[in-house]
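In case you want the letters, here they are:
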Amino acid sequence: MFMVDIAGVRVLYTGDYSREEDRHLLAAEIPQFSPDICIIESPYGVQLHQPRNVREKRFTDGRAQELLILDEYWSNHPELHNIPIYYASPLAKRCMVVYQTYINSMNERIRNQFANSNPFDFKHVSPLKSIENFNDVSPSVVMASPNGLQSGLSRQLFEMWCFDKKKACVIPGYVVEGTLAKTIINEPKEVTLMNGLTAPLNMQVHYISFSAHADFAQTSTFLKELMPPNIILVHGEANEMGRLKQKLITQFSDRNTKIISPKNCQSVEMYFNFEKMAKTIGRLAENTSKVGETVSGLLVKKAFTYQIMAPDDLHVFSQLSTADISQRITIAYIGAFGVLKHRLKQIFESVESLPDEESEGPAFRVHERLTVKYESEKDISLHWR
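If you're wondering where the values come from, they're calculated on a predicted model, not measured in any experiment.

Participant: Break down the sheet that holds strand 6 (residues 141–144) for me, with residues and values.
Facilitator: Sheet architecture is open: three strands sit in the order 5-4-6, paired in parallel fashion. What marks the edges here is a single partner per strand, and that holds for strand 5 (125–127) and strand 6. With direction set aside, neighbouring strand axes in the sheet form an average angle of 25°. Inspection of the sheet shows strand 4 (residues 85–88) paired to strand 5 by three bridges, in the parallel sense. Each residue of the ladder has a partner; that of Ile 85, found in strand 5, is Val 125.

Listed below in structure tokens is the structure:
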């Protein structure tokens, strides 16, 4: 998730999230601050996932958590050791490296197990590079992508096995309308192959959602805790998003919550007009300021709060510090130094001579900011901080 602060407006973008801890990842956390706009995914609309223990008793797919389940299940059932398990997904293979690199981002169970052995070093699960490397002569479990069965190894295996009643296809997560996976969930008698011909669908088809996306229960609870005044639904099929929108409108009917479900590429415009509050701290807070009185200090933004403090307090109330920068430039000048001072007095109100012991030679200061020094018959220098 990303919380972005734009000119005081907090925008939360959830991305793909789940409030349920799985076999390897932690559950998504509730942000510390409530956003003004929450852009939230909605692929499951008002659907509810089955409890995890029920799903794990049925079957699994090729995400990391399900590979962990399968490997663990096979280890506990020696009678299955002669049945190989393959995962045919280059992305899944790369993900294993990421999980092992960022082991501290995994849940407590995986971190504790990693102290003794690598939980992602599977004993019973092997990678499968291509269909040419697959020897289909005995029972096996193959986890292949993409899950929509539109192309790739998953489509090749489906067309090889869809005729056989002994085969089964398990669809483990969200599938998009118009894909072959969405079609076979309804168990049609025939399917269209990639070559345009039709074939009988004799294999068994099961749908078990192990999706990493939030269902309605997670989405509604998440929004109830955040209570954002503006909700934008994205990443979902139009009908499901519409049903979710209506459900949320009913749920937040007692609040002035604006819920939008834009179409792809549709612009959403929102206007905000509110005052920003800044607190004075440190020395500036010792005296109560009157209405209309000017407060002079440094405005410091920390997280989503604003504070005004004296420059000398900066190192006390923040990790910042102040420093003086002195700058100098030498300019060629062959005129009389007194004439230069006279000309500047005609332009500026404050031009004061400096004592020789302070400036180590003829010098004057303009408006207490710029010091002009006589260097030689051909040069003068300007100093400021």
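So, next bit.
Participant: Please give an account of the pattern of salt bridges that cites residues and values.
Facilitator: Following the criterion strictly, the structure yields nine salt bridges and no others. Residue Arg 328 is joined to Glu 375 by a salt bridge in which the shortest nitrogen-to-oxygen separation is 3.6 Å. With Arg 328 in strand 16 (residues 327–332) and Glu 375 in the loop between strand 19 (370–374) and strand 20 (379–384), this residue pair connects regions lying 47 residues apart in the sequence. Under the relative-accessibility criterion, Arg 328 is labelled exposed at 52%.

Participant: So what's going on with the sheet that holds strand 13 (residues 278–280)? Which residues, and what values?
Facilitator: On the basis of which strands lie adjacent, the open sheet formed by three strands has the order 13-15-14 and mixed pairing. Either end of the sheet is taken by a strand with one partner, and the two such strands are strand 13 and strand 14 (298–302). Across the sheet, the mean angle from the axis of one strand to that of its neighbour is 30°, orientation sign disregarded. Of the pairings in the sheet, the one linking strand 14 to strand 15 (residues 305–309) comprises five bridges and is antiparallel in character.

Participant: Which residues make up the packing of helix 7 (residues 216–226) against helix 8 (residues 238–251), and what are the values?
Facilitator: Where helix 7 contacts helix 8, the two axes come as close as 12 Å, and the packing angle between them is 40°. When the interaxial angle is binned, helix 7 and helix 8 end up oblique. The two elements helix 7 and helix 8 cross, and the hand of that crossing is right-handed. Residues Phe 216, Ser 220, Leu 223 and Lys 224 of helix 7 touch helix 8, and the partners they reach there are Leu 244, Lys 247, Leu 248 and Gln 251. Each residue belonging to the contact of helix 7 with helix 8 can be placed in one class, and the counts come to four nonpolar, two polar and two charged.

Participant: I'd like a rundown of helix 10 (residues 337–347), residues and numbers included.
Facilitator: Looking only at helix 10, the buried set comprises Phe 337, Leu 340, Lys 341 and Leu 344. Each buried residue of helix 10 lies within a common arc of 95° when the element is viewed along its axis, so the set occupies one face. Exposed side chains of helix 10 directed beyond 90 degrees from the buried face belong to Gly 338 and Gln 346. The elements touched by buried residues of helix 10 are strand 17 (351–353), strand 18 (363–366), strand 19 and strand 20.

Participant: Could you give an account of the nonpolar core, naming the residues involved and the relevant values?
Facilitator: Phe 158, Ile 184 and Leu 201 are the most contacted members of the largest nonpolar core, which has 23 residues in total. Elements supplying a minimum of two residues to this core: helix 5 (152–161), strand 7 (168–171) and helix 6 (180–185). The dominant element in this core, judged by the number of residues it contributes, is helix 5, at four residues. Once residues within four sequence positions are removed from consideration, Leu 201 is found in contact with Phe 158, Cys 162, Ile 184, Glu 187, Pro 188, Lys 189, Glu 190 and Val 191. Ranked by size, the runner-up nonpolar core spans 17 residues in total, among them Leu 12, Cys 38, Phe 252 and Ile 259.

Participant: Explain the pairing of strand 15 to me, and be specific about the residues and the numbers.
Facilitator: Note: strand 13 against strand 15, three bridges, orientation parallel. Bridge pairing links Lys 279 to Gln 307 in strand 15. Linkage of strand 14 to strand 15, two consecutive antiparallel strands, is achieved through a turn of two residues, within which Ala 303 is found at a positive phi near 55°.

Participant: Explain the pairing of strand 11 (residues 230–234) residue by residue, including any values.
Facilitator: Within strand 11, four of the five residues are buried, which leaves the element mostly enclosed by the surrounding structure. Alignment of strand 3 (residues 37–41) against strand 11, held across five bridges, turns out to be parallel. When the sheet's bridge partners are listed, Ile 40 is paired in strand 11 with Leu 233. Looking at chain direction, strand 11 and strand 12 (residues 258–260) are connected through three bridges and run parallel. Bridge pairing in strand 12 links Asn 230 to Lys 258. Since strand 11 and strand 12 lie parallel, the crossover through helix 8 that links them has a hand, and here it is right-handed.

Parameters and conventions
- Residues numbered from 1 in each chain as written.
- Predicted model: local features only at pLDDT ≥ 70, side-chain atom pairs only at ≥ 80, totals over all residues.
- Heavy atoms only, no water.
- Pairing = 2+ DSSP bridges.
- Helix = DSSP H or I, 4+ residues; strand = E, 2+ residues; numbered from the N terminus.
- Axes fitted to C-alpha atoms, helices over the stretch in contact; angles between N-to-C directions.
- Salt bridge = Lys/Arg side-chain N within 4 Å of Asp/Glu carboxyl O.
- Buried < 20%, exposed > 50% of the residue type's maximum accessible area, 1.4 Å probe, protein only.
- Parallel < 35°, antiparallel > 145°, perpendicular 65-115°, else oblique.
- Left-handed = near helix turned anticlockwise from the far one by under 90°.
- Contact = heavy atoms within 4.5 Å.
- Nonpolar A, V, L, I, M, F, W, Y, C, P; charged D, E, K, R; others polar.
- Arc of directions from axis to C-beta.
- Core = buried A, V, L, I, M, F, W, Y, C linked by side-chain atoms within 4.5 Å.
- Right-handed = clockwise from strand over helix to strand, strands pointing away.

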